[in-house]
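The lines below spell out each chain.
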Amino acid sequence: MSENFKDAVEGLAAGPAASDAGAGPGRAAQADASSHPTVAALREAFGDAILHHEVQAGDEHVVFIPADRNVEILRWLKEQPGQEYDFLKDVTAIDFGGGRPLQVVYQLWSIRHRQGLRVKAELPLNALEIDTVVPLWATANWLEREVYDLFGIRFRGHPDLRRILMPENYAEGHPLRKDFPLRGRFSRLEQTRRALQLDIESDYTPEELAVGGAPSLPGGPEAAGAAGRRDANRP
Amino acid sequence: MGLSGGRHELPVVSGAKDGSASFLTTKLDWLVNWARHNSLWPMPFGTACCAIEFMATAASNNDIARFGMERMSASPRQADVLICAGRVTYKMAPVLRRIWDQMPQPKWAISMGACASSGGVFDVYSMVQGIDTIIPVDVYVPGCPPRPEGLIYGILMLHEKIRGESITKPELRKELPVATEPALPDEVVEAITVPFGNSTSQNRIGGLVPSGALVRPRDRRP
């Protein structure tokens, strides 16, 4: 066995190397605020609430804000004349593992000014709660549900916070967290059983269920019953 | 062969005394099987890239109309063979099972590709490790994805299987009793879903533990 090959095989057990070697959990050096007009304006309007500003991947400006002021600052970004970040491209989260805080990431785009900004808020593991931004961008509804589903971050004030990707009866936790085992927490048999016990009609409207099958009468007693069942499942 | 009638039993229909099928039964079997295997209406359950190869199989170059299969059944009620082309998630498993239960007898299933047959490279929390834990499968087609020729070979194997069936064997047409139960006994499901091949050396401590075992100890919560 050649030395290179041996190293590679032995390295398998060690797992992937950390991608965040360097300046702490996912942080690069402080960037020059004047390199992005919005960051300069944010510093002027909010001062110390702009915790950190960095540039990633050449021209991706990232701003760290306190988690308890996210709605205030994001509303300013959306509504302040001259900024108008009217398009929320994505809401996601990052878990760096090792007990470090989770980051909630808002990826913004201003259609009028053709510029983007990434806003991050850090949440300690013992307080995974942040205010919802659904009142600002309706698209945040499903995006925040996805973050809740896969990372377990609760969004205060979300109109319909339940799982969106994983099955409704999923009880193994939140799969994209670093401490989640790759194959899940239950045995394959238990996973198969739980999957087959899932009520596949509980999460769909009568219209969705009618696709490819017998059409249901809109407004009929059957449709009303199914709609009622769906509402009953909401927390 | 005896058609003597009267109170004597008729070996023509019920089979000879030694248990082998009678002349009439085998001729009837031949006719029924001929009719069945020459017009298998597929229920395409395409969930991933295998479905693209399945479409290529149906398209004019390979043309499964040669086997009487050009009529895709968008509804399981008119389908004969379920072709599961692609990976199946646990969330999709009850849907697959419902579709299978909705198909009328006689029915067969082809598991197309590595993911449908065994989970393939997706040995992860969300993926069914072989659809035979969900529905009974007649033919497994290996490949990632299989070429159209591979799928056609699987279809011809299914033809072979159908030609060997007999109407005197009702167990061939047995339905799965409970929709919420796996298609196989518990110990078989456990046995066929254990990590195998490459997946055993991947970065996960072996075995299924409720503790949240991790590769990198420093990723554990403090």
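Residues numbered from 1 in each chain as written. Chains lettered and ligands numbered in written order. Predicted model: local features only at pLDDT ≥ 70, side-chain atom pairs only at ≥ 80, totals over all residues.

Moving on to the sheet that holds strand β4 (residues 139-141) of chain B. Residues and elements named next belong to chain B. If you walk across this open sheet you meet the 4 strands as β1-β2-β3-β4, and the pairing is parallel. For this open sheet the edge positions go to β1 (42-46) and β4, each flanked by a neighbour on one side alone. Strand-to-strand twist in this sheet, taken as the mean axis angle between neighbours without regard to direction, amounts to 15°. Bridge analysis of strand β3 (residues 108-112) against β4 gives 3 bridges, and the strand direction is parallel. Along β4, the bridge assignment pairs Met112 with Val141. (Pairing = 2+ DSSP bridges. Helix = DSSP H or I, 4+ residues; strand = E, 2+ residues; numbered from the N terminus. Axes fitted to C-alpha atoms, helices over the stretch in contact; angles between N-to-C directions.)

Next up on the list: the confidence of the model for chain A. Residue and element names in this part refer to chain A. Here chain A averages 79 in pLDDT, while 74% of its residues score no lower than 70. Across chain A, strand β3 (residues 87-94) holds the top mean pLDDT of 94, while helix α7 (residues 221-232) sits lowest at 43. pLDDT under 50 marks residues 220-235. Its contacts with residues more than four places away, or in other chains, come to 18 contacts. (pLDDT = per-residue confidence, 0-100. Contact = placed C-beta atoms within 7 Å.)

In this structure, Val81, Leu82, Ile83, Cys84, Ala93, Leu96 and Met112 of chain B are the most contacted members of the largest nonpolar core, which totals 40 residues. The leading source of residues in this core is strand β2 (residues 81-85) of chain B, at 5 residues. Apart from residues no more than four positions distant in its own chain, Ala93 of chain B is found in contact with Ala195 and Leu196 of chain A together with Val88, Val128 and Ile134 of chain B. Counting residues in each nonpolar core, the second largest holds 31 residues, with Val39, Leu42, Val104 and Tyr106 of chain A among its members. (Core = buried A, V, L, I, M, F, W, Y, C linked by C-beta atoms within 7 Å. Buried ≥ 20, exposed ≤ 12 C-beta atoms within 10 Å, placed from the backbone.)

It is worth spelling out helix α2 (residues 37-46) of chain A at this point. All names here are of chain A. For α2, every residue scored as buried is listed here: Thr38, Val39 and Leu42. When α2 is viewed along its axis, its buried side chains cluster within an angular range of 95° and face the same direction. Where α2 is buried, its residues meet β1 (52-56), β2 (60-65) and β5 (115-123). Where α2 terminates, the next one or two residues include Gly47, which has phi positive at roughly 60°. (Arc of directions from axis to C-beta.)

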